[in-house]
Structures are given as structure tokens and as C-alpha cells.
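Observations on the model geometry
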Amino acid sequence: MKSFLSAFLLVLSSSAFAFGIKAPSYNYLNIGATISPDEESSEYDEEGTEIRLSITMGEKFFFEFSDAELEDSLASPTATDVREYSFGYIHGIDAKSSFYAKGGIMKIGVKDYDEPSPTRFNSKAKSIAAGYRNRLNDSFEIGAEVKYYRFTFWDDFKKNDTGGLAYGTYFITDSMGITAEYENYLETDFYTLMLHLAF
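This section reports on the structure supplied with the text. (Residues numbered from 1 in each chain as written. Predicted model: local features only at pLDDT ≥ 70, side-chain atom pairs only at ≥ 80, totals over all residues. Heavy atoms only, no water.)

With respect to the overall build of the protein
Helices and strands together make up the secondary structure of the protein, namely 1 helix and 10 strands. Ordered by position in the sequence, the α and β elements of the protein form the string α-β-β-β-β-β-β-β-β-β-β. Within the span of the protein, comprising 199 residues, buried residues form 36% of the whole. (Helix = DSSP H or I, 4+ residues; strand = E, 2+ residues; numbered from the N terminus. Buried < 20%, exposed > 50% of the residue type's maximum accessible area, 1.4 Å probe, protein only.)

Now the structure itself:
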């Protein structure tokens, strides 16, 4: 009986290896479209594009950059540009999942075209975050993150906020997939659909 169980476990572990399940990659490029819906009117919905690049430095550290450019559909629109730079640490949990922690800075530029001449308002934030990623199988990866922000707005008003995100990626090939992501901070929702390229 023990020999049978040992053989059965060996087959399971061999099957998992054969299917090539591996830990999530922190070397990737995401390119996609983002929408931030407004509760009052769809005219105030902000839509645009987002690009995100993550690169490892050694086995335990990574650098991440993201840039989202959004604009509403009003006759005199408001354009928002959000750039974020982060540096993080990776802790592997097992062969297919990992925990990470990171700290970053965010720069937010809002250009208001409703003024006599376009006016730009610049805000910024510092953040710390903790997240979890899991490559469930060959085809699917999921993850979640909790983030604490310290905002300083253009008028020097300061505010602390807690946000978070959750995502799922469906892999078409071993290194290319489609990622759907939900993020929230400052009581604002962001929905993003991206092409995911791991390298």
C-alpha cells in the first residue's frame, strides 16, 4: 500500500512538472486600456491607456514603472497622467507562488481645459504595498495587493489613503496572456484590460 501511495505521489509531482507550472515572472510588459467610471454621469468617465514595465534585479529585487493617461469625454476635457515608480522585494513561497513588498512614488498631473488657458495641477504620493501572486496552472495566474498612500495635492493638502488591486491573467502561450485588473484608491475605481508579455 505504501509503495502504491509513493508511486501515486510521484506521478502527481511528475505531471505538475510536465505541465510546466512555474512561479510568476517579475519580468514583464503590460500594455492596455483603462476606464475609471464616474457615479454621476458617463460624461465624466475617464478612459485611456496604461503601460507597465517590471524588471528584476538579481533574484530577490525588482523595479516597476507604470504610466496611465486618462481623459473624460466633456467638450472641455480633463486629462490625467499618473506615473508610478516602485522598488520591491520578492519572497518565494513555493514553486508557483510568491509574496512581495514594495515602496514607490506616484506623480499625478491633471490638465484642465475648461480654463481660459489649459491649467495643469500637479500632485504626488508616497506608497508602501504588499502583494501575493499565484500561477495556478499553465493557463491562469491570479494576484492581489494592498497599498498605503500618503498624498500631497497641488494645493499642499495632505491625505492618507489605503487602496488595493486584484487581477487575473489568462496565458495564451507560456509568455503571452491577457490580464484583467481592478484597482481602487481615493474612492475611485479603475478597470484595466492589458496584453501581458513576460520575458
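Now that the structure is up, let's keep going.
Observations regarding a nonpolar patch on the surface
On the surface, a nonpolar cluster with roughly 700 Å² of combined accessible area is contributed by L136, F140, I142, Y170, I172, I178, L193 and L195. Mapped by element, the contributors of at least two residues to the nonpolar patch are strand 7 (140–152) and strand 10 (188–198). Looking at the element boundaries, I142 is found in strand 7. In this structure I142 comes out as partly exposed when scored by relative accessible area, which is 38%. (Patch = residues over 30% accessible without salt bridge, like charges linked within 9 Å, V, L, I, M, F, W, Y side chains within 5 Å. Areas by Shrake-Rupley, 256 points an atom, 1.4 Å probe, with all protein chains shown as cover. Salt bridge = Lys/Arg side-chain N within 4 Å of Asp/Glu carboxyl O.)

Examining unusual backbone geometry
The backbone of L186 shows a phi angle near 50°, a positive value even though the residue is not glycine. At E187, a position not held by glycine, the phi torsion is positive, near 55°. Here E187 lies in the loop between strand 9 (176–185) and strand 10.

Brief notes about the packing of aromatic side chains
Scanning the entire structure with this criterion turns up 15 aromatic pairs. Aromatic pair Y26 and F62: ring centres 5.2 Å apart, planes at 45°, arrangement tilted. Of the two residues, Y26 is situated in the loop between helix 1 (2–18) and strand 1 (28–36) and F62 in strand 3 (residues 61–71); the sequence distance between them amounts to 36 residues. Residue Y26 is classed as buried on the basis of its relative accessible area, which comes to 7%. Here the aromatic residues Y149, F151, F153, F157, Y185 and F190 are joined through ring pairs into a cluster of three or more. (Phe/Tyr/Trp six-rings, centres within 6.5 Å; stacked < 30°, edge-to-face > 60°.)

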